[in-house]
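Coordinate inspection notes
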Amino acid sequence: MTADRPSARLAALGLTLPPVAKPLAAYVPALRQGDVILTSGQLPSVDGVPVAIGKAGDEVDLPTAVSCARVAALNALAAAASVAGGLDEITRVVKVVVYVASDPDFSEQPQVANGASELLGELFGEAGRHVRSAVGVAVLPLNVPVELELTVEARA
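Residues numbered from 1 in each chain as written. Predicted model: local features only at pLDDT ≥ 70, side-chain atom pairs only at ≥ 80, totals over all residues. Heavy atoms only, no water.

**Brief notes about the environment of Leu-15**
As a reminder, the rule being used: Each helix is a run of H or I in the DSSP string that is no shorter than four residues. Each strand is a run of E no shorter than two, and both are numbered from the N terminus.
Along the polypeptide, Leu-15 turns up in the loop between helix H1 (6-12) and strand E1 (30-33). Sequence spacing of Leu-15 and Val-36 is 21 residues, and the spatial spacing of their C-alpha atoms is 25 Å.

**Side note on a nonpolar patch on the surface**
What counts here: Candidates for patches are residues over 30% relative accessible area with no salt bridge; among them, like charges are joined within 9 Å and nonpolar side chains (Val, Leu, Ile, Met, Phe, Trp, Tyr) within 5 Å. Areas reported here follow the Shrake-Rupley algorithm with a probe of radius 1.4 Å; residue values treat only the protein chains shown as occluding. Salt bridges are defined by distance alone: a side-chain nitrogen of Lys or Arg within 4 Å of a carboxyl oxygen of Asp or Glu. When accessible area is computed with a 1.4 Å probe and restricted to protein chains, residues below 20% of their type maximum are described as buried, those above 50% as exposed, and intermediate ones as partly exposed.
On the surface, a cluster of nonpolar side chains totalling about 290 Å² of accessible area is made up of Leu-24, Tyr-27 and Leu-142. Relative to the assigned elements, Tyr-27 resides in the loop between H1 and E1. A relative accessible area of 34% places Tyr-27 in the partly exposed class.

**Examining unusual backbone geometry**
Even without being a glycine, Asp-47 presents a positive backbone phi close to 55°. Along the chain, the position of Asp-47 falls in the loop between strand E3 (45-46) and strand E4 (49-50).

**Focus: helix H2 (residues 62-84)**
Heads up, the condition is: To estimate the expected span of a helix, count its residues, drop one, and scale the result by 1.5 Å.
Between its first and last C-alpha atoms H2 spans 32 Å; for 23 residues at 1.5 Å apiece the expected length is 33 Å, and the two agree. Downstream of H2 by a residue or two, Gly-85 has a phi angle that is positive, lying close to 95°.

**A short note on the sheet that holds strand E5 (residues 90-101)**
Rules: When DSSP finds at least two bridges between two strands, those strands are taken to pair. Between N-to-C directions, angles cover 0 to 180 degrees, with each direction set by a line fitted to C-alpha atoms, over the stretch in contact for helices. Whether two residues are in contact is decided by their heavy atoms: any pair within 4.5 Å suffices.
Read from one edge to the other, the open sheet built from five strands follows the order E1-E2-E7-E5-E6, with strand pairing classed as mixed. For this open sheet the edge positions go to E1 and strand E6 (131-137), each flanked by a neighbour on one side alone. Between one strand and the next, the sheet's axes are offset by a mean angle of 15°, whatever the strand orientation. Looking at chain direction, E1 and strand E2 (residues 36-39) are connected through four bridges and run antiparallel. Paired with Ala-30 across the strands is Thr-39, a residue of E2. The strands that helix H3 (residues 109-124) touches are E5, E6 and strand E7 (146-154); relative to E6, the one it contacts most, it runs at about 150°.

What follows is the structure, given as structure tokens:
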């Protein structure tokens, strides 16, 4: 494992990919179509337990919401890697969509989404630069503050 591989960068950060989260309803965690992989919305959970509950700007402060985006990104990477053949088979992060359950006065969704974007940049370097949407919503599944979708490209 060379230091320029995403798996080595992940280990250097002291992180590991979690097991793929079990779907909460009738969908699959990730789907591959050719060299493109899309993930279903991934939550900020560890071992099936949400790391935070509530809305950003109310029960959840900005640093916690940022951390939730990072955890959700790890879960999305786990789902993508499961159909790519491993994390190192992912060659490009294409798009990230981050939904933030927000208090009506909260407008820092882009800063929350940076928790995910910065992690992807650390892991994939230039190939981790992506297009992104950060959207405020009223509520998310399990009352978590963040849900994240990922589109990546993988080796054929």
